[in-house]
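Okay, here's what each chain looks like letter by letter:
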Amino acid sequence: VRLQRGNADDVLMRALHGRQWRSAAGAAPGRRRRHVAITAAGMVALGAASSAAVAAAGRTAQRSRPFAWAALAAAGAGAWLAGSAELAWARWAPGPRTGEEAVTVALTSAAIPVAATWHTIAGLARLPRLLSAAGGRGPWPPTERPAAVLFDRDGTLVRDVPYNGDPARVEPLPGVRAALDRLRDGGVPLAVISNQSGIARGRLTPAAVEAVNRRVEELLGPLGPWFICPHGPADGCGCRKPAPGLVLRAAEALGVAPDRCAVVGDIGADVGAALAAGARPILVPTKRTRRAEVRAAPEVAAHLEAAVDRLLGAT
């Protein structure tokens, strides 16, 4: 239920990147329309049932009205029940299908559509402010230093080893330590924002991810606070890049406005997260970076040292 907060961020992603943003970002299809329909059916059922009760207590001339309201309430309740049952089955069918899991899924499936709809409305309400933050500044002046720099981990700071939970396999990319030292010497706060879906997939434990992160800092020096998304692509969270959640959390922790942050990463999801939060993205491509991602990036640097040159104004 808590993951439905990501629906508010989905509103911003659609406004910034169009209706096809999920397919472009490799994100799973959402269920927002179904959630809204289920919630609407439930509200109709409650409202009609209330009206039926009021009409039943009214004058003799109005006694036919309770039946119409009751019919509408029954139709709404049936639609709500059917939608909630379909959602519960879709969540329960993959397993483990235990009795305890059935109860949990049934209860949360009743709450999820309401939470998703609420957060969608909240996202629409805050959309004008976020769009202003994302687009109001215009292009960053090349000599303006960011107030903080947020880094992706795998493929940006260290070699990308899929689902790595072994600190011994951590290998910094060439030139990264020197580039980071320049930022630290310049007093620029740092942070790391990293998708770690291996936790959701059961291929990593949080402890293993933390051990790898500690090894990264042993090799590269202090990197500020770490912000990890442990969810999978289908979880619908608001923190998995290209959603802006990690960027927003890092900016808040550092006491910096999101539009004063720069985000450095190696794939389009890093760029998307930065743009969604109103931050400045710099793409540092690797062999796994798609050409379309390079073409779409507002700024591209050949390597991390070149990215730091841009961030520090080549001073």
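Every value quoted in this text rests on a predicted model; they were computed, and no experiment measured them.

Caption draft 1: Broad picture of the overall build of the protein. A tally of regular secondary structure across the protein gives 11 helices and 5 strands. Burial analysis of the protein (315 residues in total) assigns 42% to the buried set. Of the contacts made within the protein by residues no fewer than 6 positions apart, 66% connect residues no fewer than 24 positions apart. In the form shown here, the protein has an accessible surface area of approximately 15,900 Å², with 59% of it arising from carbon and sulfur atoms.

Caption draft 2: Summary view of the sheet that holds strand β2 (residues 190–195). Across the sheet, which stays open at both edges, the 5 strands sit in the order β3-β2-β1-β4-β5 with parallel pairing between neighbours. Sheet topology places β3 (226–229) and β5 (280–283) at the edges, where each strand pairs with a single neighbour. Each adjacent strand pair in this sheet contributes to an overall mean axis angle of 20°, direction not counted. As paired elements, strand β1 (residues 148–151) and β2 share 3 bridges and run parallel to each other. Each residue of the ladder has a partner; that of Leu150, found in β2, is Ala191. This element, helix α9 (residues 268–277), spans β4 (261–265) and β5 of the sheet and lies at about 170° to β5.

Caption draft 3: Focus on the side chain of Ser84. Structurally, Ser84 is set in helix α4 (residues 65–92). According to the relative accessible area criterion, Ser84 is buried, its value standing at 8%. When near neighbours in sequence (up to four residues on either side) are disregarded, Ser84 contacts Ile38 and Ser109.

Caption draft 4: Just the environment of Gly238, in detail. With respect to the helices, strands and loops of the structure, Gly238 is situated in the loop between β3 and α8 (245–254). Spatially, the C-alpha atom of Gly238 lies 7.8 Å from that of Ala8, the residues being 230 residues apart in sequence.

Caption draft 5: Region of interest: helix α11 (residues 304–311). Of the residues making up α11, those classed as buried are Leu304, Ala306, Ala307, Val308 and Leu311. Contact partners of the buried residues in α11: β1, α6 (176–185), β4 and β5. The first or second residue beyond α11 is Gly313, which carries a positive phi of 70°.

Caption draft 6: Summary view of the pattern of salt bridges. Counted by the stated rule, this structure contains 14 salt bridges. Through salt bridges that share partners, Asp152, Lys241 and Asp270 make up one connected network.

Caption draft 7: Quick peek at empty space enclosed by the protein. What the rule picks out here adds up to 1 cavity of 30 Å³ or more. The volume enclosed by the largest cavity comes to roughly 40 Å³. Along its surface, the largest cavity is lined by Arg153, Asp154, Val158, Arg159, Val161, Asn164, Val170 and Val212. Considering only residue class, the lining of the largest cavity consists of 4 nonpolar, 1 polar and 3 charged.

Caption draft 8: Local environment of α6. For α6, the set of buried residues is Val176, Ala179, Leu180 and Leu183. Looking straight down α6, one finds its buried side chains confined to an arc of 95°; they lie on one side. Against the buried residues of α6 lie β1, β2, α7 (206–220) and α11. Phi turns positive, to about 75°, at Gly187, one or two residues after α6.

Caption draft 9: View of the packing of α6 against α11. Where α6 meets α11, the closest approach of the two axes is 8 Å, and the angle between their N-to-C directions is 15°. Overall, the two elements α6 and α11 adopt an arrangement that is roughly parallel. α6 and α11 meet at a crossing whose hand is left-handed. Along the contact surface, α6 presents Val176, Ala179, Arg182 and Leu183, while α11 presents Leu304, Glu305, Val308 and Asp309. The residue inventory of the contact of α6 with α11, partitioned by class, reads 5 nonpolar, no polar and 3 charged.

Caption draft 10: Highlighting the state of the cysteines. For the coordinates displayed, the defined rule picks out 0 disulfides. The thiol sulfur of Cys229 is not disulfide-bonded, and the nearest other cysteine sulfur, from Cys239, lies at 3.3 Å.

Caption draft 11: Fine view of the environment of Ala243. The residue Ala243 is located in the loop between β3 and α8 in this model. Considered as a pair, Ala243 and Ala274 are 31 residues apart in the sequence and their alpha carbons are 8.5 Å apart.

Caption draft 12: Main features of the nonpolar core. Among the nonpolar cores identified, the biggest contains 28 residues, and Val149, Phe151, Leu157, Leu180, Leu183, Val264 and Leu304 are the most heavily contacted of them. Looking at this core, the elements that each hand over two or more residues are β1, α6, β2, α7, β4 and α11. Of all the elements, α11 adds the most residues to this core, at 5 residues. Those residues within four positions of Val149 in sequence are excluded, and the remaining contacts are Leu183, Val188, Pro189, Leu190, Ala191, Ala262, Val264 and Leu311.

Calculation notes
Residues numbered from 1 in each chain as written. Predicted model: local features only at pLDDT ≥ 70, side-chain atom pairs only at ≥ 80, totals over all residues. Heavy atoms only, no water. Helix = DSSP H or I, 4+ residues; strand = E, 2+ residues; numbered from the N terminus. Buried < 20%, exposed > 50% of the residue type's maximum accessible area, 1.4 Å probe, protein only. Contact = heavy atoms within 4.5 Å. Areas by Shrake-Rupley, 256 points an atom, 1.4 Å probe, with all protein chains shown as cover. Pairing = 2+ DSSP bridges. Axes fitted to C-alpha atoms, helices over the stretch in contact; angles between N-to-C directions. Salt bridge = Lys/Arg side-chain N within 4 Å of Asp/Glu carboxyl O. 1 Å grid on protein atoms, 1.4 Å probe; cavity = no way out; pocket = protein on both sides within 12 Å on 5 of 7 lines; lining within 4 Å. Points joined across faces, edges and corners; volume = space filled by probe spheres on them. Nonpolar A, V, L, I, M, F, W, Y, C, P; charged D, E, K, R; others polar. Arc of directions from axis to C-beta. Parallel < 35°, antiparallel > 145°, perpendicular 65-115°, else oblique. Left-handed = near helix turned anticlockwise from the far one by under 90°. Disulfide = S-S within 2.5 Å. Core = buried A, V, L, I, M, F, W, Y, C linked by side-chain atoms within 4.5 Å.

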